[in-house]
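# Observations on the three-dimensional arrangement
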Amino acid sequence: MEIPEHREIRHLARRFLEEARSALGEYEAQEAFPWPLVKRMGELGFLGVFVPEELGGAGLDFWAYVALLEELGGYASLRSILSVQQSLVLTPLLAFGTEAQKRRYVPRLARGEILGAYGLTEPEAGSDAASLRTRAYRDGDHYVLEGQKTFISHADVAQVFLIFAKSDPEKGSRGITAFLVEREDGVRTTPLKGKLGLRAADTGMVFLEGVRVPKDRVLGREGEGFKIALATLDTGRVSLAAGAVGLMQRALDLSLRYAQERRQFGRPIAGFQLVQAHLAQMKLDLEASRLLTYQAVAKKLKGERYTLEASMAKLFASEAANRVAYRAIQIHGGYGFFEEYEVARLYRDARILTLYEGTSEIQTLVIGAHLTGIKAFAEG
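The notes below deal with the structure included here. (Residues numbered from 1 in each chain as written. Predicted model: local features only at pLDDT ≥ 70, side-chain atom pairs only at ≥ 80, totals over all residues. Heavy atoms only, no water.)

### Observations concerning helix H1 (residues 4-30)
The criterion, for reference: Numbering of helices and strands starts at the N terminus; helices are DSSP runs of H or I of at least 4 residues and strands are runs of E of at least 2. Any helix carries an expected span of 1.5 Å times its number of residues minus one. In this scheme, the bend at a residue equals the angle between the axes fitted to the seven residues that finish there and the seven that begin there. Throughout this description, buried means an accessible area under 20% of the type-specific maximum (1.4 Å probe, protein chains only), exposed means over 50%, and partly exposed covers the range between. We call two residues in contact whenever any of their non-hydrogen atoms come within 4.5 Å of each other.
Between its first and last C-alpha atoms H1 spans 38 Å; for 27 residues at 1.5 Å apiece the expected length is 39 Å, and the two agree. At Ala-20, H1 shows its largest kink, close to 50°. If you check which residues of H1 are buried, you get His-6, Ile-9, Arg-10, Ala-13, Phe-16, Leu-17, Ala-20, Leu-24, Tyr-27 and Glu-28. On its buried side, H1 packs onto helix H2 (35-44), helix H3 (62-72), helix H4 (76-96), helix H7 (273-301) and helix H9 (342-351). Taken from the residues just after H1, Glu-31 is the one with a positive phi, measuring 50°.

Structure (C-alpha cells):
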C-alpha cells in the first residue's frame, strides 16, 4: 500500500502533466529538447527523488521514484530524461563516488541545474559492451581519453558524462574504468535526429579526442568500470520496466475512453466481445508487468542482488508495452494511425523499450544464465 508521500508525488506528477501536455506535443513535433519542462521537473524535485536532502535531492525512497516513473511513463520523452538523470548517472555516483565527487555533481544534477549522460554504447560495442574500444591512457595525474560513443541519451545537452573506457585492454572487461568527464574537458557531441519515438528526448554521438581527465575523476577504482556499468544497468532496467507500466496504463486509459465513446452499429464498441478481449489482454499485460517490476524493486530495497528480477521485469514489461500499444491502435482503428491521436505516439515510443539498456535478447540470455548457472557472454 502506498504511503502519503508516494500518493503526493503521483498527484504532483499528474498536475505537472496537465500543464506540460500541450507544450510537450510541440517539442515532439519539432524534435526539440524541452528545456523549460526539464527546468520545471528540477524545481519540483523530480530529477533527484531518491537523492538525500543534504545532497540537494527530495530525500524520498525508491518506491517514490517508481511511482513517478509510472506517472510519466505515458510521456516517454520526459520519462527518459528522468531515467537517464537518476538511474544511469545519479545512481552510480551515489554508490561509487567519492565525497568530493558527490559534492561536485550530485546537488546540481538533483536540482536539474546540469544534466548527465551515460556513455557505454559504441558503434562496435552495443550488446557486447565488454568489447568497447574507447581507450584511457595514463599521463601523470591525468587520463587521456580517445574514442567514440553512440546512441547516447543527453549527448548534446549534458554537462557531465559517465564514460567507460579501457585503461588496460589486456584484462578484457576487468580493464574497463569509469570516468566523470565534463563537456568543457573537450568533449564533442552531435545530435541524432529522425528517431521513431522519444522525439523530444536528446540522443546523439559523443567524440573523445585527446580529452584529458584528472585522475580524481575516476569513478570507483581503476578496472571497476564494467562492474559499475552492470550494477547501474540493473537499476536502469527496473526504471524502464516502471516506465513501460506507465505507458501501458496510459494506452489502456485512452482505449477504454475511446471504446466507450465510439459507436458502431448503434452502440459503443466497448460492448463488442473482441474489443473487450483486447482490453482484457491489455489489463493482464499491465498488471503482470507491474508485479514483476515491484518484485525487482522489493528485492533491490532488501539489499540483495536483483539482476534476475530486473531482467525479467524489463523483458516482460518492454515486450508487453509493445503488445498493449498495438492493441490500442486496433481499438482506435483508422484514427489510431494518425498523430492527432495519442496512441500513435505511444506505439512509436514503446518500440525503444525492447532495445536500449539491454535488448530483449540480452535479457533472455541473462535470465537463462541465472537459471543454468552458465554465465552468458553478455555478462563478461
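### Some remarks on the packing of helix H8 (residues 307-332) against helix H10 (residues 360-372)
We count it as follows: Lines fitted to C-alpha atoms define the axes here, with helix axes fitted over just the stretch in contact, and angles between the N-to-C directions of these axes take values from 0 to 180 degrees. For any pair of crossing helices, the crossing counts as left-handed if the nearer helix is rotated counterclockwise from the farther one by less than a right angle, and right-handed if it is rotated clockwise. For this classification, Asp, Glu, Lys and Arg are treated as charged, while Ala, Val, Leu, Ile, Met, Phe, Trp, Tyr, Cys and Pro are nonpolar and the rest, including Gly, are polar.
The contact between H8 and H10 brings their axes to 9 Å, and the two run at 145°. Here H8 runs over H10; the crossing is left-handed. Contacts between H8 and H10 pair Thr-307, Leu-308, Ser-311, Met-312, Lys-314, Leu-315, Ser-318 and Glu-319 from the former with Ser-360, Gln-363, Thr-364, Val-366, Ile-367 and His-370 from the latter. Among the residues forming the contact of H8 with H10, the class breakdown is five nonpolar, seven polar and two charged.

### Points about the environment of Phe-62
In this fold, Phe-62 is placed in helix H3. Overall, the relative accessible area of 6% leaves Phe-62 in the buried class. In the structure, Phe-62 is positioned 311 residues away from Gly-373 in sequence and 30 Å away in space, judged by C-alpha atoms. Apart from residues lying up to four places away in sequence, Phe-62 is in contact with Phe-50, Thr-235, Val-238, Val-297, Lys-300 and Leu-301.

### Section: the pattern of salt bridges
This is how the line gets drawn: By convention in these notes, a salt bridge is any Lys or Arg side-chain nitrogen within 4 Å of a carboxyl oxygen on Asp or Glu.
Throughout the structure, instances matching the rule amount to 25 salt bridges. Across the pair Glu-113 and Arg-111 runs a salt bridge, and its minimum N-O distance is 2.7 Å. Since its relative accessible area comes to 38%, Arg-111 is described here as partly exposed. Members of the salt-bridge network, linked through shared partners, are Arg-10, Arg-14, Glu-70, Glu-71, Lys-283, Glu-287 and Arg-290.

### Brief notes about the pairing of strand E5 (residues 176-182)
Stated formally: If DSSP finds at least two bridges between two strands, the strands pair.
The element E5 is largely enclosed, with a buried count of seven among its seven residues. Burial along E5 is two-sided: Ile-176, Ala-178, Leu-180 and Glu-182 facing one way and Thr-177, Phe-179 and Val-181 facing the other are all buried. Here strand E4 (residues 160-166) runs beside E5; their pairing, made up of seven bridges, is antiparallel. Residue pairing in the sheet places Ile-163 in a bridge with Phe-179 of E5. Summarising the sheet, E5 and strand E8 (residues 218-219) pair through two bridges and their orientation is antiparallel. If you follow Phe-179 over to E8, its bridge partner there is Val-218.

### With respect to H2
Operational definition: What the arc measures is the spread of directions leading from the helix axis to the C-beta atoms.
Those residues of H2 that sit buried are Leu-37, Val-38, Met-41 and Gly-42. For H2, the angular spread of the buried residues around the axis is 145°, confining them to a single face. Those residues of H2 that are exposed and angled more than 90 degrees off the buried face are Lys-39 and Glu-43. In the core, the buried residues of H2 are packed alongside H1, H3 and H4.

### Re the packing of aromatic side chains
Think of a pair of aromatic rings as described by two things: how far the centres are apart, and how the planes are tilted against each other in angle. For the record, the criterion: Side-chain rings of Phe, Tyr and Trp (the six-membered ring for Trp) are treated as a pair once their centres are within 6.5 Å; stacked means planes under 30 degrees apart, edge-to-face means over 60, and tilted covers the remaining angles. Any Lys NZ or Arg CZ that is within 6 Å of a ring centre and within 35 degrees of that ring's normal is treated as a charge sitting over the ring.
Scanning the entire structure with this criterion turns up eleven aromatic pairs. Ring geometry for Phe-50 and Tyr-65: centres 5.0 Å apart, planes at 75°, overall edge-to-face. Of this pair, Phe-50 sits in the loop between H2 and H3 while Tyr-65 sits in helix H3; the two residues are 15 residues apart in sequence, bridging distant segments of the chain. Given a relative accessible area of 15%, Phe-50 falls into the buried group. By relative accessible area, which is 0% here, Tyr-65 ends up buried. Arranged with centres 5.0 Å apart and planes meeting at 65°, the rings of Tyr-143 and Phe-179 form a pair that is edge-to-face. Of this pair, Tyr-143 sits in strand E3 (residues 142-153) while Phe-179 is found in strand E5, placing the two residues 36 residues apart along the sequence. Like Phe-179, Tyr-143 is buried. Following the ring pairs from residue to residue traces out a cluster consisting of Phe-50, Phe-62 and Tyr-65. Against the face of Phe-62 rests Lys-300, its NZ or CZ located 4.8 Å from the ring centre.

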